[in-house]
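A structural walkthrough
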Amino acid sequence: MIPSLPPEAWQALTLSLKVSLWATLASLPLGLLTAHALARWRFPGHGLLNGLVHLPLILPPVVTGYLLLLAFGRQGWIGAPLWDWFGVTFAFRWTGAALAAAVMSFPLMVRAIRLAIEAVDPRLEQAAATLGAPAPVVWLTVTLPLILPGIIAGAILAFAKAMGEFGATITFVANIPGQTQTLPTAIYSFLQIPDGESAAWGLALVSVAVAFLALALSEGLSRRVAARIAGR
Amino acid sequence: MTLEIRLAHHFPDFRLEVDLTAPPGLTCLFGRSGSGKTTIINAVAGLLRPDQATILLDGQPLHHLPPHRRGVGYVFQDARLFPHLTVHGNLTYAARIRRRAPRDLDRIVALLGLAPLLDRRPGALSGGERQRVAIGRALLSEPRLILMDEPLAALDEARKAEILPHIEALRDELRLPILYVSHALPEVARLATTIAVIEAGRMVAQGPAAQLLSDPATAALLGLADAGAILSARIAAQEADGLTRVETGAGPLWLPRLSGAPGQPVRLRIAAQDVMLALDRPLGLSALNILPVRVLSLHPADAAGALVQLDLGGQSLLARVTHRSVQALGLVPGQGAFAIVKSVAMARDGVEGGPQSPQG
């Protein structure tokens, strides 16, 4: 049973959902491109790109958050021009939380999609070319449908990871209720105050529910798509 | 339509260099695996870019075009159907990406017997069905030429028998050059109108199938055990005892019943090792099929034997005999003899490609 939650808790939950959704959707095109490049193209710097993509998986999240702050903070080498020229900043905004979540979940997304691309038989793509399809059409009509389960799995994995991201987020955008306080940082905050335990417990239950929902959705979707593709 | 191919390509371990012409009809690239046959058709399809290539279809160059603009219908050995599409989706793929209605869909579905399969997915098809769909898909891309890479190699005998008539129908009905890769001589003998023999990246012989198969000089290239001639004949009559009489031009042959009306042309394949020679018409022999022939030439084939080319009423027949028999019979060109044919293979639908042996 879910205990009644204080308004900050609901705020944290909706913010987390928003942050994770944006993190996932915004990084998906780049994730696809990166996965495709790693799976199919051979170029100088292939190993470097692979390492870079996986870096957030290996680095302590706090370090990743700190690096993001250095790069995207208002004085950062990316953040300063963004602020000066466009008036855009990520620091201490929900968009910053989304950026941190996207960076942290990127390796998981790329990995899932890359595996799916590597599983596609390039000879099917050759067959499509002999039937008159130029490369972009081959990709849309053959490659994309075949890797769809991998894309779905990668996106849901990334979403779940984004929902739970703590270290990089709190380092990069802090823990401001209503602005950058996400579900995990809210649980952490509730645990720091007296009488906060029931709210923390409630949010923990909500986290479990969201995780299960995401997993069930991913399983169901992937299974349906995989069955369609396997030709049964 | 005629296809001209001139290719040169360096592989790490061998060099491919061919110059061949495929007239309308079915041109078979024949050779061992690894001889470069598939490389040649991949180069024609544009899937491989050779060091040097000139590919002309009726004088129009194809070699500078990307694969999707070459207009080739490619039937792969492994079918390569799109697993995420139904049979119907596979068949109409080429039309869909061109955003127009598939031309001839009904005719090709009927031709290949695909109607019951249209809603199925490739995963639920047998090997033979898959290959039929692959052929249909290639035809429906409105190709200017057809490439087939051992389309029967992965199939068992029953499935092969299911597909062969369809390929024969394509050969006879389409006015397109078909380039067909194979290393199975019975298949080649049945299908090919032209044969190009490829060995270690080079073309060692090319010519009309009937001529090449009956020529003792090229028989060794095709494989001695498989050497044999192709005869054109006509069904003469259906006999009461279950045999069919076939007229060859130099005498009748009797075969186990084959369907067909008198007058219908048939293609017969007679293996050299199924032909015995006698100087006089033998009597008291169980073999039914004895034809008068004339020795044209003698060719040493291996240590023990020779191939004898025989004239059979203007057509060519091959017999494989030992050197000892050549000596004993005193065979010389110009000499008359009798060929005793032990078995005849049909190259026509209704009868499977296997040997038929009516021995009295």
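Residues take numbers from 1 onward in each chain, read along the sequence in its written order. Written order decides the labels, with chains lettered from A and ligands numbered from 1. Per-residue local features of the predicted model are confined to residues with pLDDT of at least 70, and side-chain atom pairs are confined, for both listing and counting, to 80 or more; whole-chain, interface and lining totals are unaffected and use all residues.

**A few points about the overall build of chain B**
Of regular secondary structure, chain B possesses ten helices and 21 strands. Taken over C-alpha atoms, the radius of gyration comes to 22 Å for chain B, in line with the 21 Å a tight globule of 360 residues would show. Seen along its three principal axes, the alpha-carbon backbone of chain B occupies a region of about 70 × 50 × 30 Å. Exposure classification rests on a simple neighbour count of other C-beta atoms within 10 Å of a residue's own: a residue reaching 20 or more is buried, one at 12 or fewer is exposed, and one in between is partly exposed. C-beta atoms are placed from the backbone. Split into buried and exposed, the 360 residues of chain B put 43% on the buried side. What counts as a contact here is a pair of residues whose C-beta atoms, placed from the backbone, lie within 7 Å. Looking at chain B alone, contacts between residues at least 24 apart form 68% of all its contacts between residues at least 6 apart. A run of H or I in DSSP becomes a helix once it reaches four residues, and a run of E becomes a strand once it reaches two; helices and strands are each numbered from the N terminus. Here the radius of gyration uses the C-alpha set of atoms, whereas the globule reference equals 2.2 Å times the residue count to the power 0.38.

**Notes on the overall build of chain A**
Secondary structure summary: chain A contains ten helices and zero strands in total. The linear arrangement of helices and strands in chain A, starting from the amino end, is α-α-α-α-α-α-α-α-α-α. For chain A, the spread of C-alpha atoms along the principal axes amounts to about 70 × 45 × 30 Å. Within chain A, the proportion of its 232 residues that are buried is 41%.

**Brief notes about the pairing of strand E13 (residues 252-256) of chain B**
Residues and elements named next belong to chain B. Sheet analysis places strand E12 (residues 243-247) next to E13, joined by five bridges and oriented antiparallel. For leucine 243, the partnering residue across the bridge sits in E13 and is proline 256. A pair of strands is treated as paired once DSSP finds two or more bridges between them. Taking the residues between adjacent antiparallel strands as the criterion, E12 and E13 are bridged by four residues, where glycine 249 takes a positive phi near 105 degrees.

**What to know about helix H1 (residues 37-45) of chain B**
Burial of H1 of chain B is extensive: eight of the nine residues sit out of reach of the surface. Immediately beyond the C-terminal end of H1 of chain B, within one or two residues, lies glycine 46 of chain B, with a positive phi of roughly 90 degrees.

**Digging into the domain arrangement of chain B**
Residue and element names in this part refer to chain B. Bear in mind that the domain bounds are from an automatic or database domain assignment. Under the domain assignment, chain B is made up of domain 1 (3-214) and domain 2 (228-346). Its C-alpha centre places domain 1 at a distance of 33 Å from the equivalent point of domain 2. Taken together, the contact pairs six residues of domain 1 with seven residues of domain 2. Counting residues per element, the ones that place at least two in the side of domain 1 that touches domain 2 are helix H7 (185-191) and helix H8 (209-214). It is H8 that contributes the most residues to the side of domain 1 that touches domain 2, four residues altogether. Here the nonpolar group is Ala, Val, Leu, Ile, Met, Phe, Trp, Tyr, Cys and Pro; Asp, Glu, Lys and Arg are the charged ones; every other residue, Gly included, is treated as polar. Grouping the constituent residues of the side of domain 1 that touches domain 2 by class yields five nonpolar, one polar and no charged.

**Some remarks on the environment of glycine 220 of chain A**
With respect to the helices and strands, the residue glycine 220 of chain A is situated in helix H10 (residues 197-229). Separated by 153 residues in the primary sequence, glycine 220 of chain A and leucine 67 of chain A have C-alpha atoms spaced 37 Å apart.

**Here we look at helix H5 (residues 127-139) of chain B**
Spacing of three or four residues puts side chains on the same side of an α-helix, whose turn is 3.6 residues. Residue and element names in this part refer to chain B. A helix is expected to span 1.5 Å for every residue after the first. In this model, H5 (13 residues) spans 19 Å end to end at C-alpha, consistent with the 18 Å of a helix rising 1.5 Å per residue. The buried count for H5 comes to eleven of 13 residues, which makes it a mostly enclosed element. Listed in full, the buried residues belonging to H5 are Glu129, Arg130, Gln131, Arg132, Val133, Ala134, Ile135, Gly136, Arg137, Ala138 and Leu139. Residues of H5 that are buried sit in contact with strand E6 (72-75), helix H2 (87-91), helix H3 (93-97), helix H4 (105-111), strand E7 (145-149) and helix H6 (157-173).

**A look at the sheet that holds strand E15 (residues 275-278) of chain B**
All names here are of chain B. The sheet built from five strands is open, its strands ordered E15-E19-E16-E17-E18 with antiparallel pairing. The open sheet has two free edges, formed respectively by E15 and strand E18 (315-322), since each of these has just one partner strand. Strand-to-strand twist in this sheet, taken as the mean axis angle between neighbours without regard to direction, amounts to 45 degrees. Where strand E16 (residues 290-300) lies against strand E17 (residues 305-312), six bridges are found, and the strand directions are antiparallel. Its bridge partner lying in E17, leucine 298 is registered against valine 308. Axis lines are fitted to C-alpha atoms, over the contacting stretch for helices. Their N-to-C directions set the angle, which ranges from 0 to 180 degrees.

**Considering the packing of helix H5 (residues 94-119) of chain A against helix H7 (residues 135-164) of chain A**
All names here are of chain A. At a minimum axis separation of 8 Å, H5 and H7 run at an interaxial angle of 160 degrees. Considered as vectors, H5 and H7 are oriented roughly antiparallel to each other. In this structure, the crossing between H5 and H7 has a hand that is right-handed. On H7, the residues touching Ala101, Met104, Ser105, Leu108, Met109, Ala112, Ile113, Leu115, Ala116 and Ile117 of H5 are Ile147, Pro149, Gly150, Ile151, Ala153, Gly154, Ala155, Leu157, Ala158, Lys161 and Ala162. For the contact of H5 with H7, a count of residues per class yields 17 nonpolar, three polar and one charged. For classification, angles of less than 35 degrees are called roughly parallel, those exceeding 145 degrees roughly antiparallel, those between 65 and 115 degrees roughly perpendicular, and all remaining angles oblique. Here a crossing is called left-handed whenever its near helix is offset anticlockwise from the far helix by less than a right angle, and right-handed whenever the offset is clockwise.

**Examining the interface of chain A and chain B**
Residue-level contacts link 20 residues of chain A with 21 residues of chain B. Listing elements by their share of the side of chain A that touches chain B, those giving two or more residues are helix H6 (122-130), H7 and H10 of chain A. Among the elements that make up the side of chain A that touches chain B, the one with the highest residue count is H6 of chain A (six residues).

**A look at the environment of glutamate 199 of chain B**
With respect to the helices and strands, the residue glutamate 199 of chain B is situated in strand E9 (residues 194-199). Residue contacts for glutamate 199 of chain B: discarding those within four places in its chain leaves Gly31, Ser35 and Val204 of chain B.

**Overview of the pairing of strand E10 (residues 202-208) of chain B**
Residues and elements named next belong to chain B. Of the strand pairs in this sheet, E9 and E10 are connected by six bridges, and their pairing is antiparallel. Paired with isoleucine 198 across the strands is methionine 203, a residue of E10. A loop of two residues connects E9 with E10, the two strands running antiparallel in sequence, and alanine 200 in this loop sits at a positive phi of about 45 degrees.

**Comments concerning unusual backbone geometry**
The backbone phi angle of aspartate 195 of chain A is positive, close to 65 degrees, even though this residue is not glycine. Mapped onto the elements of the fold, aspartate 195 of chain A is located in the loop between helix H9 (183-192) and H10. One non-glycine residue, aspartate 58 of chain B, lies in positive phi territory at about 55 degrees. Mapped onto the elements of the fold, aspartate 58 of chain B is located in the loop between strand E4 (52-57) and strand E5 (60-61).

**Things to note about the confidence of the model for chain B**
Residues and elements named next belong to chain B. For every residue, the predictor states its confidence as a pLDDT score lying anywhere from 0 to 100. Per-residue pLDDT for chain B has a mean of 85; in total, 95% of the residues score no lower than 70. Per-element confidence in chain B is highest for H2, whose mean pLDDT is 95, and lowest for strand E21 (residues 355-356), whose mean pLDDT is 40. In this model residues 348-360 is a low-confidence stretch, pLDDT under 50, and it forms 36 contacts with partners more than four residues away in sequence or in other chains. With pTM at 0.78, the complex prediction returns an ipTM value of 0.80.

**Details of the packing of helix H2 (residues 46-58) of chain A against H5 of chain A**
All names here are of chain A. It is the contact of H2 with H5, at a shortest axis distance of 8 Å, that shows an interaxial angle of 120 degrees. On the basis of their axis angle, the class for H2 and H5 is oblique. Crossing of H2 against H5: the hand is left-handed. Only Val103, Met104, Phe106, Pro107 and Val110 of H5 make contact with H2, whose side of the interface consists of Val53, His54, Pro56 and Leu57. By residue class, the composition of the contact of H2 with H5 is eight nonpolar, one polar and no charged.

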